[in-house]
Amino acid sequence: MAQFISIHPENPQQRFVHQVVEALRRGEVAAIPTDSAYAIVCTMGNKEGLDRIREIRRVGDKHHFTLLCHNFAQLGALAVVSNPDFRLIKSLTPGPYTFILKGTKEVPRMTLNPKKHTLGIRIPDHNITQAIVEELGEPLLSSTLILPEEEEPLMAGWKVDDEIGHALDIIVDGPSDSGPTTVIDLVEGKIAREGAGDITGINL
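The structure contained in this document is the topic of the report that follows. These numbers were taken from a predicted model, which means no experiment stands behind them.

Cut-offs used in this document
- Residues numbered from 1 in each chain as written.
- Predicted model: local features only at pLDDT ≥ 70, side-chain atom pairs only at ≥ 80, totals over all residues.
- Heavy atoms only, no water.
- Buried < 20%, exposed > 50% of the residue type's maximum accessible area, 1.4 Å probe, protein only.
- Helix = DSSP H or I, 4+ residues; strand = E, 2+ residues; numbered from the N terminus.
- Pairing = 2+ DSSP bridges.
- Axes fitted to C-alpha atoms, helices over the stretch in contact; angles between N-to-C directions.
- Contact = heavy atoms within 4.5 Å.
- Core = buried A, V, L, I, M, F, W, Y, C linked by side-chain atoms within 4.5 Å.
- Polar contact = N/O pair within 3.5 Å; in protein donor to acceptor, adjacent residues only side chain to side chain.
- Parallel < 35°, antiparallel > 145°, perpendicular 65-115°, else oblique.
- Left-handed = near helix turned anticlockwise from the far one by under 90°.
- Salt bridge = Lys/Arg side-chain N within 4 Å of Asp/Glu carboxyl O.

On to the pairing of strand β5 (residues 97-102). Burial analysis of β5 places five of its six residues in the buried class, which makes it a mostly covered element. In terms of strand pairing, β5 meets strand β9 (residues 182-185) through four bridges, oriented parallel. Each residue of the ladder has a partner; that of Thr98, found in β9, is Val183. Relative to strand β6 (residues 118-122), β5 runs antiparallel, the two being bridged by four bridges.

Structure (structure tokens):
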């Protein structure tokens, strides 16, 4: 069963954040709250963790994984970003948006969409997520925690524990209540999914 760790939503306790990060560095898989919904996460180069996430989600190799970034500096090294895309992302982050972009050579190939070489990028507006990614020092590989044959993501730590606690190493308990992110595909120039992020005034 997963270890259940409660972290303060406004002032994340450093000792608990460090505990989660050390587990991720050891190759463990965690469920963490974000500003949209719960996500399953592991470190970028963790192939076993990636396979475990695919198994839990029951998704294939065409699934778009998302990198949770601490800030724009982290994002810039991982994705090909044009000047217009830069301005758009800068205006909407941090917040509940996922941006589909071409990955750079810094991103492990197993993380990218195999045909398009794209990936999702996020800068969440969530204290716990930000604290974990900042302490880790690199983006986290993530997938929204939507169970197979379900349409809505899991939004509460206790629910994650009930449903898939046996398949995870760590569950971080914290607030997560705005629903799925808005997905903006900057490669194809379209809104791929309307979600928690406001799309008013977005011109692609």
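This part is about the sheet that holds strand β4 (residues 66-68). Within the open sheet, the ten strands sit side by side as β1-β8-β2-β3-β7-β4-β6-β5-β9-β10. Their pairing is mixed. Looking along the sheet, the strands with just one partner apiece sit at the ends: β1 (3-6) and β10 (190-193). Between one strand axis and the next, the sheet turns by 35 degrees as a mean value, whatever way the strands run. Strand direction decides the pairing type here: β9 and β10, joined by three bridges, are antiparallel. Bridge pairing links Val183 to Arg193 in β10. The sheet contacts of helix α4 (residues 83-92) involve β5 and β9, and relative to β5 the element is tilted by about 160 degrees.

Residues Phe99, Ile121, Leu145, Val160, Leu168 and Ile184 are the most contacted members of the largest nonpolar core, which totals 39 residues. Counting residues per element, the ones that place at least two in this core are β3 (38-43), α2 (47-57), α3 (72-76), α4, β5, β6 and α6 (157-164). In this view, Ile121 contacts Thr66, Leu67, Cys69, Leu75, Leu78, Ala79, Tyr97, Thr98, Phe99 and Leu101; residues no more than four positions away in its chain are not counted. Core analysis: the next-biggest nonpolar cluster, separate from the first, contains 20 residues, Val17, Leu24, Ala39 and Ile128 among them.

Within the secondary structure, Arg122 is located in strand β6. On the accessibility criterion, Arg122 (4% relative accessible area) is buried. There is a polar contact of 3.5 Å between the side chain of Arg122 and the side chain of Thr34.

Right, let's get into the packing of helix α1 (residues 14-25) against helix α5 (residues 127-136). Running from amino to carboxyl end, α1 crosses α5 at an angle of 60 degrees, the nearest separation of the two axes being 9 Å. Taken together, the axes of α1 and α5 are oblique relative to one another. Read as a crossing pair, α1 and α5 show a hand that is right-handed. On α5, the residues touching Gln14, Val17, His18, Val20, Val21, Leu24 and Arg25 of α1 are Ala131, Ile132, Glu135 and Leu136.

It is worth spelling out the pattern of salt bridges at this point. For the structure on display, the rule yields nine salt bridges. We note a salt bridge from Glu28 to Arg26, for which the minimum N-O separation is 3.4 Å. Between Asp51 and Lys47 there is a salt bridge whose closest N-O contact spans 3.0 Å. Here the residue Asp51 and the residue Lys47 both occupy positions in helix α2, the gap between them amounting to four residues, near one helical turn. Here the salt bridges do not stand alone but share partners, grouping Lys47, Asp51 and Arg54 into one network.

Structural measurements only, silent on function.
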